[in-house]
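# Breakdown of the fold
Chain by chain, the residues:
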Amino acid sequence: MSNSEKLNTLPRNPLLRDSLTKLENFLNESEKRQCKYAWADTVCIDKSSSAELDESIRSMFAWYRDSHICIVHLSRTHNSVDMERDPWFTRGWTLQELLAPRNFAFYSSDWTQITTRDSKKYATGQGGEWVRLGSGARPGEQSSRVQPVASQESLWPTIAKITGIDIDDLLNFKPGLYDIGKRMAWASKRETTRTEDTAYCLIGIFDVNLSIAYGEKEKAFYRLQVEILQSSDDKTLFDWQGDASTYNSMLAASPACFSMRFDLRAVELPKVARDPAFTLTSVGIRALLVVHQMDEYAVHQSWKLPGATAFFLLGISSEGRRVIMILEKLGTVEFQYKRLGLVEEGLSTLSLSVHAKHFGN
């Protein structure tokens, strides 16, 4: 049966028809590469089984990492110009699809392969060569309806520009608790259909264990941050701006808060304040920090947020300026504070007073 005959047997519902056509093309391309098995998240997960759904979500990064090839269909890409506007680059779940696999084949909307060969993540940064795209265009063919790209241009610099992810991170990504703030920023402008998936789609990237519980909504991202907090002393987890989690003011409400981060660098602290441990207690997050009382210093006006009573040095920004966290003391409880926000300012040498602090809601 020819492809045209096959299409005539597909359902008339446009959405279902497009999905089946995409699946057929995906299987055809997999077969060309002599793949014995093919896996697609939209059809290979039984979402009626909570056990299978949980296992699939928590295993997905490893499956992508160990795959022979990841085939990416850019459904809105017709030429080299509109590739940057393709929704594939704005979805939460596709972040791990981009970072985990070692070998890619990218296709345009009409299933024309965008590169002349599969794009491997070579350590040198070399990927496949671009071809000109158009209706029915094939490698080496000309098309007057497209804007061509230099034939020797690597694919990865273009993807790096679209996603804001450095080429080195794209080519040599390792899952784990590294550069937490930066990795959160990669997800900050991506969207998911369900609120919980803003957290679940990052499980493999941070390589943490997190149970799946649809219905918990924003609490999922809070739990993800708690898992990270309990296994890492990376303070870039606190390098965010915007709405705080309703469960703890030190943690962000969503990945979107990391889009306005200060890109923290390490800061040298006095020996007494070098305890890196963060502990989640019944009253909040416990940490040993250098905290200064606001009324003891002539602070900048921008620090005087409503309710502000104290502050501490979180780190140094990428521009070399100090990033200060503004705090509000909670009631009469000694050494318990609430986060109010971050400011970026120069800071004079201050005498230090160090205590174990709790950061509650």
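Below you will find a few notes about this structure.

Across its full length, the protein chain holds ten helices and ten strands. Across the 361 residues of the protein chain, 46% fall into the buried class. In the protein chain, the proportion of contacts linking residues at least 24 apart, taken out of those at least 6 apart, comes to 54%. Only carbon and sulfur atoms are counted for the fraction: they give 48% of the accessible area of the protein chain, which is about 18700 Å².

On to unusual backbone geometry. Located in the positive-phi region is Asp179, a residue other than glycine, with phi close to 45°. With respect to the helices and strands, the residue Asp179 is situated in the loop between helix H6 (167-171) and helix H7 (180-187). Positive phi values are uncommon outside glycine, yet Asp263 reaches one of about 60°. For Asp263, the position within the fold is in the loop between helix H10 (219-229) and strand E4 (278-281).

Take the packing of aromatic side chains next. A ring pair, where both rings are aromatic, is described by two values, the distance of the centres and the angle of the planes. In total, this model carries 14 aromatic pairs according to the counting rule given. Ring geometry for Phe106 against Trp156: centres 6.4 Å apart, planes inclined by 80°, an arrangement best described as edge-to-face. Here the residue Phe106 occupies a position in strand E2 (residues 103-107), and Trp156 occupies one in helix H5 (residues 155-163), the gap between them amounting to 50 residues. Exposure class is identical for Phe106 and Trp156. Each is buried. Note that Arg339 overlies the ring of Trp240, its terminal NZ or CZ placed 3.6 Å from the centroid.

With that out of the way, let us pick up the pairing of strand E1 (residues 70-73). A two-sided burial pattern is seen for E1, the buried positions comprising Cys70 and Val72 on one face and Ile71 and His73 on the other. Note: E1 against E2, four bridges, orientation parallel. Each bridged residue has a counterpart across the sheet, and for His73 the counterpart in E2 is Tyr107.

With that settled, the discussion passes to the pattern of salt bridges. A full pass over the atoms with the stated rule returns eight salt bridges. Close ionic contact of Lys182 with Asp179 constitutes a salt bridge, the shortest N to O distance being 3.7 Å. By relative accessible area, Lys182 is classed as partly exposed at 23%. The partner of Arg223 in a salt bridge is Glu216, with the nearest N and O atoms 2.7 Å apart. One exposure class covers both Arg223 and Glu216, and it is buried. What emerges from the salt-bridge pattern is a single network uniting Glu29, Lys32 and Arg33.

Inspection of the secondary structure puts Asp234 in the loop between H10 and E4. Although Asp234 is buried, it makes no salt bridge; Arg183 carries the closest opposite charge, 8.1 Å away. Within the local environment of Asp234, its side chain forms a polar contact with the backbone nitrogen of Ile180, the two atoms lying 3.1 Å apart.

The rules behind these values
- Residues numbered from 1 in each chain as written.
- Predicted model: local features only at pLDDT ≥ 70, side-chain atom pairs only at ≥ 80, totals over all residues.
- Heavy atoms only, no water.
- Helix = DSSP H or I, 4+ residues; strand = E, 2+ residues; numbered from the N terminus.
- Buried < 20%, exposed > 50% of the residue type's maximum accessible area, 1.4 Å probe, protein only.
- Contact = heavy atoms within 4.5 Å.
- Areas by Shrake-Rupley, 256 points an atom, 1.4 Å probe, with all protein chains shown as cover.
- Phe/Tyr/Trp six-rings, centres within 6.5 Å; stacked < 30°, edge-to-face > 60°.
- Lys NZ or Arg CZ within 6 Å of the ring centre and 35° of its normal.
- Pairing = 2+ DSSP bridges.
- Salt bridge = Lys/Arg side-chain N within 4 Å of Asp/Glu carboxyl O.
- Lys, Arg positive; Asp, Glu negative; His and termini not counted.
- Polar contact = N/O pair within 3.5 Å; in protein donor to acceptor, adjacent residues only side chain to side chain.

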